[in-house]
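Each chain, written out:
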Amino acid sequence: MKKYRVVLRIIAVVLVLFLALFRQAPRSLADGGLITLSVSNSEIKMGEVFTIVCRVSSATQVFDADFYVDYDTTVLQFIEGGPKASKEPGSVHIQSVDNTEAAPRRTFSLQFMAKEAGTGSVFVRDGAHVVDGEGNALSLNTEKLDLVVAENEEAQASGEPEATEMPVPTEPTVNTKQSGNNKVLVLSTNAQDMIPDFDPTVQSYDVLVASETDTFFIDYVLDSKKATARIKGNKNLVFGDNKVKLVVTAENGDKRSYVFMVTRPDPVVENVNPDDPTVSGAAVDPSPLDKDGEKGYSIVLYIIIGLLLVFAIAMISLVRRQRRELEYYYEEELEEQRETENDRRSGESDLEGGKVRGEDGDFHYWD
């Protein structure tokens, strides 16, 4: 019995340790999240409309987010930021709650106008609340964005022109060579995920946006100041696949097209039962584009589960064997007691000091 109790205690301790490791391993990834603010060009001219991309990310994905972005109202004026952003006095309240699934990141594009020259700051207010894909509230790191708003260049003339010497006539020179640079130097979007990361030499991208947004915001800086650009198809996105183009025209007329295949998930299709035979597997797969970050965690999780199963099977087999041995032992004891009782009743036992009990119940001596 003591051996049996010791084995049970060992099993209980090992199971508790494995369960503790199993519960704590994924939580170590969810210790912190990050809220970043970025803009394609931090030097902005007065009166210019620009986009600040606010991105919430975590190693264990992001489920819900609720926080405030404060800004300098003397320099900046908020215009709009989509259905998840609402204007507050001196801040933008971003609420992305009651989502049906977690995402690798949540991205919000906030449009501002530079109304006065000067330096202004944009930052995330303390008290931001973000929940990861496992339902854990995250501790957050945030970034501060400093912007410089410059005055527009205006022609100024005052007084009479100074007397200058007449230049010596020279042959006029004509520069007929025009620039063919039609590349985008920097690009930022409101994509939740984009594959690959932006590269000026890569012209095709796969993009995933939130299901609640109907516009694919693109903010860019051209490599040449003499080039021009226009965007096609980035508004009124339909659920499913959309094709968006950013066409850059160089000074000499050469064009370069950056093509974005934008996927806007249908929230109704995302909630369909994947076992429904009337719906194709491709239509109900809400998985993000990039799953590489989860492969390592999944492998470790499967290994832990496998070890637990093997250990549990081994312990169950050991307990059953101990139980069979105990049952066998008790059966032998019971059988021995029954034989002793039968012998006692039949008068064939109960030897006491050279005497034997007879059928009459009295003891008789024997040689």
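This is a predicted model, so every value here is computed, not measured.

**Details of the overall build of the chain**
Then, number 1: The helix and strand tally for the chain stands at three helices and 20 strands.
Then, number 2: Residues counted as buried form 31% of the 367 residues belonging to the chain.

**Regarding the packing of aromatic side chains**
Then, number 1: One pass over the structure, following the stated rule, counts nine aromatic pairs.
Then, number 2: Relative to Phe-112, the ring of Phe-50 lies with its centre 6.2 Å away and its plane at 20°, an arrangement referred to as stacked. Separated by 62 residues along the polypeptide, Phe-50 in strand E3 (residues 49-71) and Phe-112 in strand E7 (residues 103-114) bring together distant segments of the chain.
Then, number 3: A ring pair is formed by Phe-198 and Tyr-205, whose centres lie 6.0 Å apart and whose planes are at 25°; its orientation type is stacked.
Then, number 4: The side chain of Arg-125 reaches across the aromatic face of Tyr-68, ending 4.4 Å from its centre.
Then, number 5: A cation over an aromatic ring shows up here: Arg-264 above the ring of Phe-239, its NZ or CZ 4.1 Å from the ring centre.

**Observations regarding the confidence of the model for the chain**
Then, number 1: Averaged over all residues, the pLDDT of the chain equals 78, while 71% of them reach at least 70.
Then, number 2: Across the chain, the element-wise mean pLDDT spans from 55 in strand E19 (residues 355-357) up to 95 in strand E17 (residues 240-249).
Then, number 3: Contacts from residues 154-165, a stretch scored under 50 in pLDDT, to residues over four places away or in other chains number zero contacts.
Then, number 4: Counted against residues more than four places away or in other chains, residues 349-353, with its pLDDT under 50, gives nine contacts.

**Some points on a positive patch on the surface**
Then, number 1: Positive charge collects at one region of the surface, where Arg-320, Arg-321, Arg-323 and Arg-324 lie side by side.
Then, number 2: Relative to the elements of secondary structure, Arg-321 occurs in helix H3 (residues 292-346).

**So, the side chain of Ser-224**
Then, number 1: Within the secondary structure, Ser-224 sits in the loop between strand E15 (218-222) and strand E16 (228-232).
Then, number 2: Polar side-chain contacts of Ser-224 include one of 3.3 Å to the backbone nitrogen of Lys-226.
Then, number 3: If sequence neighbours within four positions are ignored, Ser-224 has contacts with Ser-179 and Asn-181.

**Structural notes on the pattern of salt bridges**
Then, number 1: Following the criterion strictly, the structure yields two salt bridges and no others.
Then, number 2: Between Arg-125 and Asp-70 there is a salt bridge; the shortest N-O distance is 3.1 Å. Note that Arg-125 is positioned in the loop between strand E8 (118-124) and strand E9 (129-132) and Asp-70 in strand E3, a separation of 55 residues in sequence.
Then, number 3: In this structure, Asp-193 and Arg-105 form a salt bridge, with 3.2 Å as the shortest nitrogen-oxygen distance. Of this pair, Asp-193 sits in strand E13 (residues 193-195) while Arg-105 sits in strand E7, and the two are 88 residues apart along the sequence.

**A closer look at the pairing of E8**
Then, number 1: Judged from the three bridges that link them, E3 and E8 form a sheet pairing that is antiparallel. By the bridge assignment for E8, Val-69 is matched with Val-124.

**Re the sheet that holds E13**
Then, number 1: The sheet built from five strands is open, its strands ordered E13-E14-E18-E17-E16 with mixed pairing. The two strands at the open ends of the sheet, each matched to only one other strand, are E13 and E16. The sheet shows a mean angle of 20° between the axes of neighbouring strands, taken without regard to direction.
Then, number 2: Examined bridge by bridge, E17 and strand E18 (residues 255-264) share 10 bridges and lie antiparallel to one another. Across the sheet, residue Leu-246 finds its bridge partner in E18, namely Tyr-258.

**Comments concerning unusual backbone geometry**
Then, number 1: In this structure, the amide linkage connecting Ile-195 to the following residue, Pro-196, adopts the cis form with an omega of -10°.
Then, number 2: Here Pro-196 shows up in the loop between E13 and strand E14 (204-208).
Then, number 3: Of note in this structure, Asn-236 is not a glycine but carries a positive phi near 55°.
Then, number 4: If you trace the backbone, Asn-236 turns up in the loop between E16 and E17.

**Concerning the environment of Gly-90**
Then, number 1: Relative to the helices and strands, Gly-90 is located in the loop between strand E5 (85-88) and strand E6 (91-96).
Then, number 2: Each residue touching Gly-90, except ones within four places of it in the same chain, is listed here: Val-69, Asp-70, Tyr-71 and Thr-73.

**A few points about a nonpolar patch on the surface**
Then, number 1: Taken together, the side chains of Ile-299, Ile-303 and Leu-307 make up a nonpolar region of the molecular surface, amounting to roughly 290 Å² of accessible area.
Then, number 2: Along the chain, Ile-303 falls in helix H3.
Then, number 3: Judged by its relative accessible area of 49%, Ile-303 is partly exposed.

**What about a negative patch on the surface?**
Then, number 1: A cluster of like negative charges, contributed by Glu-327, Glu-331, Glu-332, Glu-333, Glu-335, Glu-336, Glu-339 and Asp-343, occupies part of the molecular surface.
Then, number 2: Here Glu-333 lies in helix H3.
Then, number 3: Residue class for Glu-333 comes out partly exposed when judged on its relative accessible area of 31%.

About the criteria used
Residues numbered from 1 in each chain as written. Predicted model: local features only at pLDDT ≥ 70, side-chain atom pairs only at ≥ 80, totals over all residues. Heavy atoms only, no water. Helix = DSSP H or I, 4+ residues; strand = E, 2+ residues; numbered from the N terminus. Buried < 20%, exposed > 50% of the residue type's maximum accessible area, 1.4 Å probe, protein only. Phe/Tyr/Trp six-rings, centres within 6.5 Å; stacked < 30°, edge-to-face > 60°. Lys NZ or Arg CZ within 6 Å of the ring centre and 35° of its normal. pLDDT = per-residue confidence, 0-100. Contact = heavy atoms within 4.5 Å. Patch = residues over 30% accessible without salt bridge, like charges linked within 9 Å, V, L, I, M, F, W, Y side chains within 5 Å. Areas by Shrake-Rupley, 256 points an atom, 1.4 Å probe, with all protein chains shown as cover. Salt bridge = Lys/Arg side-chain N within 4 Å of Asp/Glu carboxyl O. Lys, Arg positive; Asp, Glu negative; His and termini not counted. Charge placed at Lys NZ, Arg CZ, Asp CG, Glu CD. Polar contact = N/O pair within 3.5 Å; in protein donor to acceptor, adjacent residues only side chain to side chain. Pairing = 2+ DSSP bridges. Axes fitted to C-alpha atoms, helices over the stretch in contact; angles between N-to-C directions.

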